[in-house]
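Listed here are the chains, written in short residue letters.
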Amino acid sequence: MIRLRIAPAVLCLGLLGVFAIACGGKQPQVVAALAAPDLPLLGSPEPAPAPPEIADLVEERPILAPAPLADETVEERSLEDLNLDAPLPPVFFGLDGSGLDARARTVMAAAAETLKQESSWTVTIEGHCDERGTAEYNLALGERRATAARDYLVSLGISADRLKSVSYGKEFPFDAGHTESAWAQNRRAHFVITAK
Amino acid sequence: MTRPTPVAALLLASLVGTGIVAGGPPAQNPGQPASAVQQPREIELTISGDPGTPPRFAVPNFVALSPETADAAKIIGQVLWDDLNFEREFYLIPRDTYATVPAARAPEQIPFSAWRELGADGLVFGSVQKTEKGVRVEVRVFNLSSREQVFSKEYSGGAANPRLYAHTIADEIHQQQRALRGLARTKLTFSSDRNLDKVAGTVQNRDVKEIYIADYDGANQRRITVNRALNITPAWSPDARAIAYTSYRKGFPDILIARIYEGVSESPTGGKGSNFLPVWSPDGTRIAFMSSRDGNPEIYTMKTDGTDVRRITNHQASDVTPTWSPNGNLIAFTSDRTGSPQIYTKNSDGLGTPRRITRSESYADRPTWSSAPFNEIAFASRTSRSGFDIKVFDLMSSQTRQITFGEGTNESPAYSPNGRHLAFTSTRAGGSVQVFTIDRDGRNARQITSSGNNYTPNWSLR
């Protein structure tokens, strides 16, 4: 235990535990091991078989992590980032309604221009409702909102093949609040880019 | 009067009972005694109370004939008390008053006079004995005035779910004593976000909802789907072995059928269009649903394997939320063809003109059709700026009555198979959405779920 009192200055806390076990045998080799930071990785008090094992581990590493997997992850994340930026902003509807007002048409005209520039994008148009309708009828109302937005984009020259509509009724509110402003936020057609 | 032999009396009672269920007069509200069954020749078997009041029943703990069955004996007594109380055909004497009555280990020890002093007209006496395979449950019902046994039966089976013995006994007692189809063995299905999973995908923070089932009283709640997606609007098949529901598992809404005892999932539509809100026909051969496959939301029916699709509605407005009449001839649905959602009925073959049902509601949805002897359609009605209540339309009298009154918002009613109760969702318990049951006269609201939020309940036919 006397040796332990000399050593602490160079020990990090994590090493202490391993070191205390190693000290149980009071072998002088342990002191030498202090200088080698890799040793605790082995989790073994016996230093002799260690070097070949480390070598094996280093050999095996390049076999892991195939390149295609990494690429896919990057692609997915960028689609998420793209949707977080909302290049196609949502359009909003009146209570119980699925008609596009002048403001919604302006927003969608800009969306159509974006879709003409980004000609490889495909989009799912989600129809959403506020909680003031019933769960069941809102499935139909959301369907009509999504369809209204899709049809307007098609009328502006966007191919229907690139647009898919899905009704979520009141299942996924944008704002979970129970106020007029929350409800107004939730009566929407939400554009999700599904391929780019 | 000559006293009939027990067998003859039983036969007579069952014949009379059948007549009442099949073609008799409209039954009374729950809570009022079924006076129709109290005919002179039945007095031998039917326990009656004081004139104009329901018979008063006592249901003490069952006797544990083996030490291992002590818990089961207690559970069966309590659950049977609850089951018999549920239909309001009997007045159930509170169990905490039974302490004054000396305990009996066997039928011959029953202190009839002590039970009479407590005010009981009927006594349910049962025992639970361990067997090689599980348990054997014996139950007898005594008329305490005549001191005669009016019902006795023995059940045996596994020991895992003692509640099922109580439910079975309750259904038999309701049938034998009141000619009533009990529903203690029926189940509820609903959609729940309780497991807190999030939908995978490019839009963050969307709750998974999975389909769950529970006993009619809320016990034994179990998840039956693992789709990790939005799964809503479940509906039981008439044989209660399958559940059809709306699933977004593939990213768009479609109908899936879960055969819950086989562990099989079916996708009958083949993914054609968006498909929602499946409901089984009473004979189990067809499913009605809402689809936008032809451009806007309409009602369709199909065979359960997805073939023989028939379009039932054809209108530029939205037609949504179908439900079948108990004999399958009609379909009730919601349509906004007049500008607001209202309830209509139409022949289930799609022929003829729809008949508008609701005329004084600002917004009505989720029709559900009661079984005989009632002929009613319940629905959710908008009763305030942001809230709904459950109302019931009687097709015979064309009268509408309200059964919830602004305690939270109340939606998605679904009738019990005997038409005497409804399941629905309400925010009355602190704001979260929970499944409740309630009697058809608006009494006895009972909270069924409490974990997470729970939606769109449906009640099994058996």
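Quick caveat: nothing in here was measured; it's all calculated off a predicted structure.

### Side note on the overall build of chain B
For chain B, the count of helices and strands is 4 helices and 30 strands. Relative to its length of 462 residues, chain B is compact, with a C-alpha radius of gyration of 24 Å against a globular reference of 23 Å. In terms of principal-axis extent, the alpha carbons of chain B reach across some 70 × 45 × 40 Å. Burial statistics for chain B: of 462 residues in total, 55% are counted as buried. Restricting the contact set of chain B to residue pairs at least 6 apart, pairs at least 24 apart contribute 44%. Averaging the coordinates of the 52 positive side-chain charges in chain B and doing the same for the 46 negative ones gives two points 3 Å apart.

### Side note on helix H4 (residues 162-178) of chain B
Taking 1.5 Å as the rise per residue, H4(B) with 17 residues should run 24 Å; its terminal C-alpha atoms sit 24 Å apart, in good agreement. Just downstream of H4(B) lies B:Ala179, where phi reads positive at about 50°.

### Let's talk about the pairing of strand S24 (residues 388-394) of chain B
Regular strands place their side chains on alternate faces of the sheet. Residue and element names in this part refer to chain B. Burial analysis of S24 places 6 of its 7 residues in the buried class, which makes it a mostly covered element. Two elements, strand S23 (residues 376-382) and S24, share 7 bridges in a ladder whose sense is antiparallel. Across the sheet, glutamate 376 pairs through a bridge with aspartate 394, a residue of S24. The hairpin turn running from S23 into S24, its antiparallel successor, is 5 residues long. Here S24 folds back onto strand S25 (residues 399-402) in antiparallel fashion, the turn holding 4 residues, of which serine 398 has a positive phi close to 55°.

### Some words on the domain arrangement of chain B
All names here are of chain B. As far as domains go, chain B holds domain 1 (17-31 + 43-178) and domain 2 (187-459). Look at where the C-alpha atoms of domain 1 and domain 2 centre, and you get two points 35 Å apart. If you look at the interface, domain 1 gives 16 residues, while domain 2 gives 18 residues. Of the roughly 1,400 Å² buried between domain 1 and domain 2, counting both surfaces, carbon and sulfur atoms make up 43%. Where domain 1 touches domain 2, the interface holds 5 salt bridges. Put simply, glutamate 87 and arginine 420 hold a salt bridge, and the shortest N to O gap is 2.8 Å. Across the domain 1-domain 2 interface, the total number found is 8 residue pairs in polar contact (both at pLDDT 80 or more). Sorting elements by how many residues they give to the side of domain 1 that touches domain 2 places helix H2 (residues 70-86) first, with 4 residues. Residue composition of the side of domain 1 that touches domain 2, by class: 5 nonpolar, 5 polar and 6 charged.

### As for empty space enclosed by the protein
Under the counting rule described, the total for this entry stands at 4 cavities of 30 Å³ or more. By volume, the second largest cavity amounts to about 40 Å³. Of the residues in the lining of the second largest cavity, the class split is 2 nonpolar, 2 polar and 3 charged.

### Notes on the side chain of B:Ser127
Residues and elements named next belong to chain B. Along the chain, serine 127 falls in strand S4 (residues 122-130). Note on serine 127: relative accessible area 8%, which makes it buried. Not counting chain neighbours up to four residues away, the residues in contact with serine 127 comprise Phe62, Val63, Leu65, Arg136, Val137 and Glu138.

### Regarding the nonpolar core
Residues and elements named next belong to chain B. By size, the foremost hydrophobic cluster in this structure holds 56 residues, and its most contacted members are Phe62, Leu80, Leu84 and Val124. With 8 residues, H2 is the single largest residue contributor to this core. Among the domains, domain 1 (17-31 + 43-178) and domain 2 (187-459) are the pair contributing at least three residues each to this core. Apart from residues no more than four positions distant in its own chain, valine 124 is found in contact with Phe57, Ala58, Val59, Pro60, Phe62, Leu80, Leu84, Val139, Arg140, Val141 and Ile173.

Calculation rules
- Residues numbered from 1 in each chain as written.
- Chains lettered and ligands numbered in written order.
- Predicted model: local features only at pLDDT ≥ 70, side-chain atom pairs only at ≥ 80, totals over all residues.
- Heavy atoms only, no water.
- Helix = DSSP H or I, 4+ residues; strand = E, 2+ residues; numbered from the N terminus.
- Rg over C-alpha atoms; globule rule 2.2 N^0.38 Å.
- Buried < 20%, exposed > 50% of the residue type's maximum accessible area, 1.4 Å probe, protein only.
- Contact = heavy atoms within 4.5 Å.
- Lys, Arg positive; Asp, Glu negative; His and termini not counted.
- Charge placed at Lys NZ, Arg CZ, Asp CG, Glu CD.
- Expected span 1.5 Å × (residues − 1).
- Pairing = 2+ DSSP bridges.
- Domains from an automatic or database assignment.
- Buried area = accessible area lost by both parts, 1.4 Å probe.
- Salt bridge = Lys/Arg side-chain N within 4 Å of Asp/Glu carboxyl O.
- Polar contact = N/O pair within 3.5 Å; in protein donor to acceptor, adjacent residues only side chain to side chain.
- Nonpolar A, V, L, I, M, F, W, Y, C, P; charged D, E, K, R; others polar.
- 1 Å grid on protein atoms, 1.4 Å probe; cavity = no way out; pocket = protein on both sides within 12 Å on 5 of 7 lines; lining within 4 Å.
- Points joined across faces, edges and corners; volume = space filled by probe spheres on them.
- Core = buried A, V, L, I, M, F, W, Y, C linked by side-chain atoms within 4.5 Å.

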